[in-house]
Amino acid sequence: MLLTSRGRRIGGRVALGLVSMAVLGVTGYAWTQLSRLDAGIVTADVIAPSAQLPDGPVGEPLQVAQNILLVGIDSRTGPDGNPLPQNVLDALHAGDSEDGGDTTDTMIVVHIPAGGAAATAISIPRDSYVDIAGGFGKHKINSAYSRGKNAAMNSLRAQGLTGAQLEVKANEAGAKLTIQTIEQFTGLSINHYAAVNLAGFSALSEAVGGVEVCLKEPVQDKFSGASFPAGKQLLSGPQALAFVRQRHGLPSDLDRIARQQAFLSSMAKTVLNAGTFTDPSRLSALVGAIQGSVVLDRGWDVLSFAQQLRGMSSGALKFQTIPVQSLSLPTPSDGDAVKVDPAQVKAFVKSALSSTTVAAVGEPTGGIGVKPVAATSSVAAPPSSSASSSTSSKSSTSSAPPALDGCVN
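Model, not experiment: these values are computed from the prediction. (Residues numbered from 1 in each chain as written. Predicted model: local features only at pLDDT ≥ 70, side-chain atom pairs only at ≥ 80, totals over all residues. Heavy atoms only, no water.)

## With respect to the overall build of the protein
Within the protein, the secondary structure is distributed over twelve helices and 15 strands. A buried classification covers 56% of the 409 residues belonging to the protein. In the protein, the proportion of contacts linking residues at least 24 apart, taken out of those at least 6 apart, comes to 76%. If you sum the accessible surface of the protein, you get close to 15600 Å²; carbon and sulfur atoms cover 53% of it. (Helix = DSSP H or I, 4+ residues; strand = E, 2+ residues; numbered from the N terminus. Buried < 20%, exposed > 50% of the residue type's maximum accessible area, 1.4 Å probe, protein only. Contact = heavy atoms within 4.5 Å. Areas by Shrake-Rupley, 256 points an atom, 1.4 Å probe, with all protein chains shown as cover.)

This is the structure in C-alpha cells:
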C-alpha cells in the first residue's frame, strides 16, 4: 500500500468546488466575484491538445458535451506546492506532512451534455484494479497520480527545480498520468480537470455555511474524526471532511462512495437553491476558498463555463458508480483490490451518458436534497466474494424507518 495508516482516504470534495464555481454566474455581483476567482486560481498544464475544446460564444449555452475529471488528492500540500500548516492538519485528523501518499482517493467523471442544463457524475472506486497508463502495469487506479509524480521527480530535479516549484511540476505529471489512465479505463476523452486536497474541502464546505446530511445510524471513528448521531445534521469544515472521509466501520468502500454522492447532492442543492449569491460575505468566502484549494487545467475559461451552466438546477445532477465484480481481489503487490471488467465499465459509461433521462434519481427527501444512485446497486460480485456478499446482503435486507428514508450508512 502506498498510504500510511494515518494517510486516510479523503472523500469526494472536488465536485463541490466545481458546482460552486459553475453557478457563480447567476447574478451580477456573483459575476464580479467570478472575475476575481479567474484571476487567482491555480492552474496546471495537464489536458492533451487533442482533448481541448474551443470556448463557446459568450452567454450562449454549452455548445458541445464535456467530460470533467474531479479528483480529491490525499496530499498535505496546497495548490501552490507549499506544505499545509501542522495546526491545519491536526484539525483535520490528517497526521503530519509525511502522511498521505499523493493518491487520488476520489475520482469522479462529470459529463455535461450540450446545453449545460444537466450533468451525470460517475464515481470510480479508488481501489479499482486497472492497467495504469504509461507502462506502469496493473495496480489500483488511485496510485496513478503518485506513480506519475514520483517518476517525474528525478528529471525535474535535474532541471534544477526544488521546493514548491518542484512539487507543482511533479503534481502536473501525476495529474497527466491519472487522466490518461481514466481515459484508457472508461473510453472517455477528458476535457477538463479539477483537483483539491483535504484542507480545501473543509474550507469549501465552511464557505457555503454547511451541508445537510443524514445518517441511518450514529458513527464513531477515531481515524477520520467522524463522530455523528443518527439522523439529519448540518456539517461543515473538519466535520464535513470526516463525514466523507470515514472508511472504518462501513460495510465497504462503496458505502463510502454513497456518502460522497449524498453529500455532493446536498451541496449542489445548497449552492444552487440557497442565498449563496445574494450574501456578499458568503459569496466572497466561497471564491476565496476555491482560490486557495482548487487546481484547474490551464486554459479552462471558468467565466465562460459558468455562464454556459446558468440553466443547471439541483435536480439535474445524477450520480452513478461503475459496476464492480468483487471487493476483495487479491493482487501480487497491492493487497486486496476491487475487481472490475474494463469492457463492462466502458459499456456502462456509454449507456449512462447516452441516456435521455437527465434528472437526478429520486425526489428531494425532507430537505436532504437530490437522492444519489446507491453505490451498492452497481455491485455484481459472485456469491463467493464474502465482502461483496456482505455488502449486497446489507443493502438488500436493511430497511430504514420512514424518518431516515434517503439517509446513508
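Right, picking up where we left off after that structure.
## So, the sheet that holds strand 12 (residues 294-297)
One open sheet accounts for seven strands, arranged 1-12-7-2-3-4-13; its pairing is mixed. Edge positions in the open sheet fall to strand 1 (42-44) and strand 13 (317-321), since each of these has one partner strand only. Between one strand axis and the next, the sheet turns through 25 degrees on average, direction left out of account. Where strand 4 (residues 119-123) lies against strand 13, five bridges are found, and the strand directions are parallel. Of the residues in strand 13, the one forming a bridge with serine 123 is threonine 321. (Pairing = 2+ DSSP bridges. Axes fitted to C-alpha atoms, helices over the stretch in contact; angles between N-to-C directions.)

## Observations regarding the state of the cysteines
Applying the stated criterion across every chain yields a total of one disulfide. Sulfur-sulfur distance for the disulfide between cysteine 214 and cysteine 407 comes to 1.8 Å. Negative torsions about the S-S bond denote left-handed disulfides, and the value of about 50 degrees found for cysteine 214 with cysteine 407 makes this one right-handed. Taken together, the positions of cysteine 214 in strand 8 (residues 211-215) and cysteine 407 in the segment after helix 12 (386-397) put the pair 193 residues apart, joining distant regions of the chain. Looking at cysteine 407, the relative accessible area reads 7%, which means it is buried. (Disulfide = S-S within 2.5 Å.)

## Focus: the pattern of salt bridges
For the structure on display, the rule yields five salt bridges. With a closest N to O distance of 3.7 Å, arginine 126 and aspartate 127 form a salt bridge. Residue class for arginine 126 comes out buried when judged on its relative accessible area of 5%. Residue aspartate 127 pairs with lysine 140 through a salt bridge whose shortest N-O separation is 3.9 Å. Here aspartate 127 is found in the loop between strand 4 and strand 5 (129-132), whereas its partner lysine 140 is found in strand 6 (residues 137-140), with 13 residues between them in sequence. Here aspartate 127 matches lysine 140 in class, with each residue buried. Residues participating in the shared-partner salt-bridge network are Arg126, Asp127 and Lys140. (Salt bridge = Lys/Arg side-chain N within 4 Å of Asp/Glu carboxyl O.)

## Side note on helix 5 (residues 163-186)
Under the 1.5 Å per step criterion, the end-to-end length of helix 5 is 35 Å for 24 residues, consistent within 8% with the ideal 34 Å. With its phi angle positive at about 85 degrees, glycine 187 sits one or two positions after the end of helix 5. (Expected span 1.5 Å × (residues − 1).)

## Description of the environment of tyrosine 129
When you line up the elements, tyrosine 129 lands in strand 5. Setting aside residues up to four positions removed in sequence, tyrosine 129 forms contacts with Lys138, His139, Lys140, Leu329, Thr331, Pro332, Asp334, Ala337, Val338 and Val340.

## Description of the side chain of aspartate 221
Within the fold, aspartate 221 resides in strand 9 (residues 219-221). Residue class for aspartate 221 comes out buried when judged on its relative accessible area of 6%. Setting aside chain neighbours within four positions, we find aspartate 221 in contact with Ala226, Gln246, Arg247 and His248.

## Examining the packing of helix 6 (residues 198-207) against helix 7 (residues 237-245)
Two quantities define a packed helix pair, namely the angle between the helix axes and the distance between the axes. Relative to each other, helix 6 and helix 7 sit at 120 degrees, their axes nearing to 7 Å. When the interaxial angle is binned, helix 6 and helix 7 end up oblique. Here helix 6 and helix 7 pass one another in a crossing that is right-handed. The segment helix 6 lies against helix 7, with Leu198, Phe201, Ser202, Ser205 and Glu206 engaging Gly237, Pro238, Ala240, Leu241 and Val244. Looking at the contact of helix 6 with helix 7, its residues break down into six nonpolar, three polar and one charged. (Parallel < 35°, antiparallel > 145°, perpendicular 65-115°, else oblique. Left-handed = near helix turned anticlockwise from the far one by under 90°. Nonpolar A, V, L, I, M, F, W, Y, C, P; charged D, E, K, R; others polar.)

## Re the side chain of asparagine 191
Relative to the helices and strands, asparagine 191 is located in the loop between helix 5 and strand 7 (192-197). A relative accessible area of 7% means that asparagine 191 is categorised as buried. A polar side-chain atom of asparagine 191 sits 3.0 Å from the main-chain carbonyl oxygen of alanine 51. With sequence-adjacent residues up to four places away left out, asparagine 191 is seen in contact with Ile47, Ala51, Leu53, Ala65, Gln66, Asn67 and Asp297. (Polar contact = N/O pair within 3.5 Å; in protein donor to acceptor, adjacent residues only side chain to side chain.)

## Regarding the nonpolar core
The biggest cluster of nonpolar side chains holds 45 residues, and the ones touching the most others in it are Val110, Phe228, Phe243 and Phe263. Ranked by the residues each element gives to this core, the list is headed by helix 8 (residues 253-273), at six residues. Beyond its immediate sequence surroundings of up to four residues, phenylalanine 243 is in contact with Val213, Leu215, Phe228, Leu235, Arg259, Phe263 and Val408. Ile73, Ala195, Ile257 and Val349 belong to the second largest nonpolar core, which has 38 residues in total. (Core = buried A, V, L, I, M, F, W, Y, C linked by side-chain atoms within 4.5 Å.)

Geometry only, nothing functional implied.
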